[in-house]
Number of protein chains: 2
Amino acid sequence: MEKTNLTMLTDFYEITMANGYFNNGFKDRIAYFDMFFREVPDNGGFAIMAGVQPMMDYLKNLHFEPEDIAYLRGCGIFSEGFLQYLQDFHFACDVWAVPEGMPIFPGEPILTVRGPVIQAQFVETMILLTINHESLIATKANRIVRAAQGRPVMEFGSRRAQGADGATLGARAAYIGGCCGTACTICDRDFGVPAMGTMAHSWVQLFDSEEDAFRAYAREYPNACTLLVDTYNVLKSGVPNAIKIFNEEVLPRGYRPAGIRIDSGDITYLTKKARKMLDDAGFPDCKICASNSLDEHLIQDMLIQGAPVDSFGVGERLITSSSHPVFGGVYKLSAVEDKNGNITPKIKVSENVSKITTPCFKKLWRLFDRTSGKAIADVITLYNETIDDTKPYEIFDPVHVWKRKVITNFHAVPLRKKIFDHGKCIAKEKTLKQLQDECTKQVGTLWDEVLRFDNPHRYYVDLSRPLWDIKQKMLDEYTY
Amino acid sequence: MEKTNLTMLTDFYEITMANGYFNNGFKDRIAYFDMFFREVPDNGGFAIMAGVQPMMDYLKNLHFEPEDIAYLRGCGIFSEGFLQYLQDFHFACDVWAVPEGMPIFPGEPILTVRGPVIQAQFVETMILLTINHESLIATKANRIVRAAQGRPVMEFGSRRAQGADGATLGARAAYIGGCCGTACTICDRDFGVPAMGTMAHSWVQLFDSEEDAFRAYAREYPNACTLLVDTYNVLKSGVPNAIKIFNEEVLPRGYRPAGIRIDSGDITYLTKKARKMLDDAGFPDCKICASNSLDEHLIQDMLIQGAPVDSFGVGERLITSSSHPVFGGVYKLSAVEDKNGNITPKIKVSENVSKITTPCFKKLWRLFDRTSGKAIADVITLYNETIDDTKPYEIFDPVHVWKRKVITNFHAVPLRKKIFDHGKCIAKEKTLKQLQDECTKQVGTLWDEVLRFDNPHRYYVDLSRPLWDIKQKMLDEYTY
């Protein structure tokens, strides 16, 4: 896809602040910003990190065109020195991020930007937009895929997506979260997400009869003959006509019918009846695909009721994460650094306790049990701390501090990778399939209690003692 | 903005069907497709049409690049004749659509495409995507703007939008729906939606004190000095510091403070207290802006409780329409036409009654009362019918047919405009401000009972007798 220059897709206040920083001599002041989120969509036990690659593309492409400068000059409020600075703009920040596909939890610094405050501030809008959007969809897709218990789930939602990027990057995120493919053709061409699709009701309507429509389709696509059977009546027309065509030997010798798709009605009832009709007719290998406003709960229910569905097509409720369509990641100043490299932590206090930030330049660790391989807890430390996993390590709840636990027999893994070094992208690009595989593997390290949909166990995300002490001290100072 | 070629942003089945149509001799078969939706988001009384201009841009730009053809050839299932057809593709359809900003109702053909079936089918995905997305956001924005009762509402949601287009086209739609501006800079440059913004909490945090941060901002932007007062404590720190700076005469003589913004806490309580503090300090003209996860219900509640808020910034709940994030528009075959111009109606039956379509090439009318100017009902007729508004006209409920009403003293207006004629765009482009004004005016033609948020009156959308008769006859034939 052609890259659109999205440099100006930024909140206007990023620019008013940047101009203010510039004119107040803060041009070279180094700042640290963290991205974190406060709650898991759908009250789930975890989210899936996604959107990092598109965010990196944005950062790599960050530059101001003459028309951008002209537009800003026309606003009449920005200094010429500042506009000159933008004209010569080169992204020079360091960025650390949790890799795509990794489970993430509330309160963790999933991304940190360190660099000149003008720059580190400016990129806020697009960093949040890209990571929020794709993490939302990857998280939802992962729920739906888990509900399907190994049956393939296809992403079918382009027509209900919130804009073209909603469709394309949404399909990308859905694939990371575990979907096997998408209906959206451009995602196959551009991202390598397998695109698939057969027919709409209009195909069936256009022919003089359903039978003619099925016959023509079977002739056209003998290799992938999946027929949509609910244009008129599933059990009295669609399935009988499909069986008739399968029996007619329209398909060349050696070809078997691929499947039928049901897109309306009581899917559980209809698939049970259709399955029996197909089996009785000698097509036990003909698959049944279900679609029609599905989500993780409907899929779970269908399977509990024994619906013989082999694959699912999931549209609007996946591509918009309709039950929880916002991933609330925020981007907050956590520290500033002076010319001598001295770092001063910064905090944002709030009457909403959940809006209080964790100060300092930090590091994020995940502790895994050496025997089971399961993730035990995440720990946020100061950047220069190290967790020595050869010794027992005490974690404690940062709010209910009397809740403590000594962990032994674990290994500690730093979760974030440095992806930009002084503005240069140093990340190794992975294929989308690798990200999907990594996601599956990492979700597998979570306990079942964290994975369940309703009332999941709250996974531990703790602060190290030194970090906790600094935060408490700063909070004490700000008490009004 | 550079135009990305989104021709391949289409469901894969549009292409498998197109290839099938081509190979079955249906290349020049003329088909009619209608777009309609089934329910108004948030159980509202009406929706707002939007997204037509971006959809027209897509249709005008529709073409296959050599790389698209190469990709499709690589799929190994499409005929060379078909690929050649795509290579020489020229959009040749007629399109009728309800103009942007107009109230629309469930079941109405808000858009019709007539043309070679391959083409009319192919454009389904992007037509639905663009109209669904922007109509969703325009509808939500209009609810929020109405809740604010004349106070300006700004769109603040880019960072939580579902992709870059979700942010930019969402801001465009929000403006049509009545928002006064956006935080998203690129929308100002590219669409003329006024962009605005002042400071984030990080501005305040970066300075040694809140007071210093406010002073620097006031010096920088004397003309638009709005201070964010909730970084530490609104009433004990933010507002007193703001007043201090306002009193210091940092602002040049003749300049008045523009406002304060509160982004957390109990907005009603805090704004009442802050208002009194500002008034007492001699700044009754200093405006108060509120933000923080607002929507139409919270704004309505705040105003009922007497919160002295002058303007609202609305983010995630607007830009994703989070309480109802899907606009369920569909695109269905309604008729085919043979070489002699004979039109055969087509219907899609379904066990879900709401999924049954209305056949035929149709026309959409709105009947307005001549005295009050209010909209009385919409009527869908056959395309060649005319509603003679010099005579009484009987409308009847298409489901509960005994419900009838004779209308007099009205004028009948065809709602849709032809925007493409044999593939050529013939629409006159309007400014976004004109669309916003039109929206305000047209929403003003709806009765209060249709406008209210909860349990609104169901506006009449009826079928003409001739159309109803055809539909019933076709349904009778399909009974199983």
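These numbers come from a predicted model, not from an experiment.

Undergrad: Whenever I open this one, the interface of chain A and chain B confuses me. Can you help?
TA: Accessible area lost when the parts come together is the quantity often used to give the size of an interface. If you look at the interface, chain A gives 108 residues, while chain B gives 107 residues. Each partner contributes to the roughly 9,200 Å² buried at the junction of chain A and chain B, and carbon and sulfur atoms together form 55% of this total. Run the count over chain A and chain B and you get eight salt bridges. Run the count over chain A and chain B and you get 58 residue pairs in polar contact (both at pLDDT 80 or more). Among the elements that make up the side of chain A that touches chain B, the one with the highest residue count is helix H1 (residues 12-23) of chain A (10 residues). Residue classes in the side of chain A that touches chain B are distributed as 49 nonpolar, 35 polar and 24 charged.

Undergrad: Please explain the sheet that holds strand S15 (residues 375-382) of chain B as it appears in this structure.
TA: As a general point, the strands of a sheet are linked pairwise by backbone hydrogen bonds and lie either parallel or antiparallel. Residue and element names in this part refer to chain B. Strand order across the open sheet formed by four strands is S18-S14-S15-S21, with mixed pairing between neighbours. Where the open sheet ends on each side, the last strands, each with one partner, are strand S18 (410-414) and strand S21 (460-463). Between one strand and the next, the sheet's axes are offset by a mean angle of 25°, whatever the strand orientation. The sheet contact formed by S15 and S21 spans four bridges and is parallel. Residue pairing for S21: Ile380 is matched across the bridge by Leu463. Most of the contacts of helix H17 (residues 465-477) go to S15, to which it runs at about 55°, and overall it touches strand S14 (362-369), S15 and S21.

Undergrad: Which parts of the structure should I look at to understand the side chain of Glu316 of chain B?
TA: Along the polypeptide, Glu316 of chain B turns up in helix H14 (residues 316-319). Discounting residues that sit within four places of it in the chain, Glu316 of chain B has contacts with Val326 of chain A together with Gly157, Arg160, Ser293, Ser321 and Ser322 of chain B.

Undergrad: Can you help me understand the UniProt feature "domain: Nicotinate/nicotinamide phosphoribosyltransferase" (unreviewed entry) in chain A in this one?
TA: Here, the residues flagged by UniProt with the feature "domain: Nicotinate/nicotinamide phosphoribosyltransferase" (unreviewed entry) are residues 153-337 of chain A. A distance of 48 Å separates the end C-alpha atoms of residues 153-337 of chain A, which is 43% helix and 15% strand.

Undergrad: Whenever I open this one, the packing of helix H10 (residues 210-220) of chain B against helix H11 (residues 234-247) of chain B confuses me. Can you help?
TA: For any two helices packed against each other, the geometry is given by the interaxial angle and the distance between the axes. All names here are of chain B. At their nearest, the axes of H10 and H11 sit 9 Å apart, and the two run at 45° to each other. Between H10 and H11, the angle is such that the two are oblique. The way H10 lies across H11 gives a crossing that is right-handed. The residues of H11 that touch H10, namely those facing Glu210, Glu211, Phe214, Arg215 and Ala218, are Ser237, Gly238, Asn241, Ala242, Lys244 and Ile245.

Undergrad: Before we go on, may I ask you to explain the pattern of salt bridges in this structure?
TA: Close approach of charged atoms allows side chains of opposite charge to pair. Applying the stated criterion across every chain, the model contains 74 salt bridges over all chains. With its nearest N and O atoms 2.3 Å apart, the salt bridge here joins Lys362 of chain A to Asp34 of chain A. Taken as a pair, Lys362 of chain A in strand S14 (residues 362-369) and Asp34 of chain A in strand S1 (residues 30-36) lie far apart in primary sequence, 328 residues in all. In terms of burial, Lys362 of chain A and Asp34 of chain A fall into one category: buried. For the salt bridge of Lys244 of chain B with Glu211 of chain B, the shortest nitrogen-to-oxygen distance reads 3.0 Å. Residue Lys244 of chain B is located in helix H11, and its partner Glu211 of chain B is located in helix H10; the two are separated by 33 residues in the primary sequence.

Analysis parameters
- Residues numbered from 1 in each chain as written.
- Chains lettered and ligands numbered in written order.
- Predicted model: local features only at pLDDT ≥ 70, side-chain atom pairs only at ≥ 80, totals over all residues.
- Heavy atoms only, no water.
- Contact = heavy atoms within 4.5 Å.
- Buried area = accessible area lost by both parts, 1.4 Å probe.
- Salt bridge = Lys/Arg side-chain N within 4 Å of Asp/Glu carboxyl O.
- Polar contact = N/O pair within 3.5 Å; in protein donor to acceptor, adjacent residues only side chain to side chain.
- Helix = DSSP H or I, 4+ residues; strand = E, 2+ residues; numbered from the N terminus.
- Nonpolar A, V, L, I, M, F, W, Y, C, P; charged D, E, K, R; others polar.
- Pairing = 2+ DSSP bridges.
- Axes fitted to C-alpha atoms, helices over the stretch in contact; angles between N-to-C directions.
- UniProt positions renumbered as here; feature names shortened; annotations may be inferred.
- Parallel < 35°, antiparallel > 145°, perpendicular 65-115°, else oblique.
- Left-handed = near helix turned anticlockwise from the far one by under 90°.
- Buried < 20%, exposed > 50% of the residue type's maximum accessible area, 1.4 Å probe, protein only.

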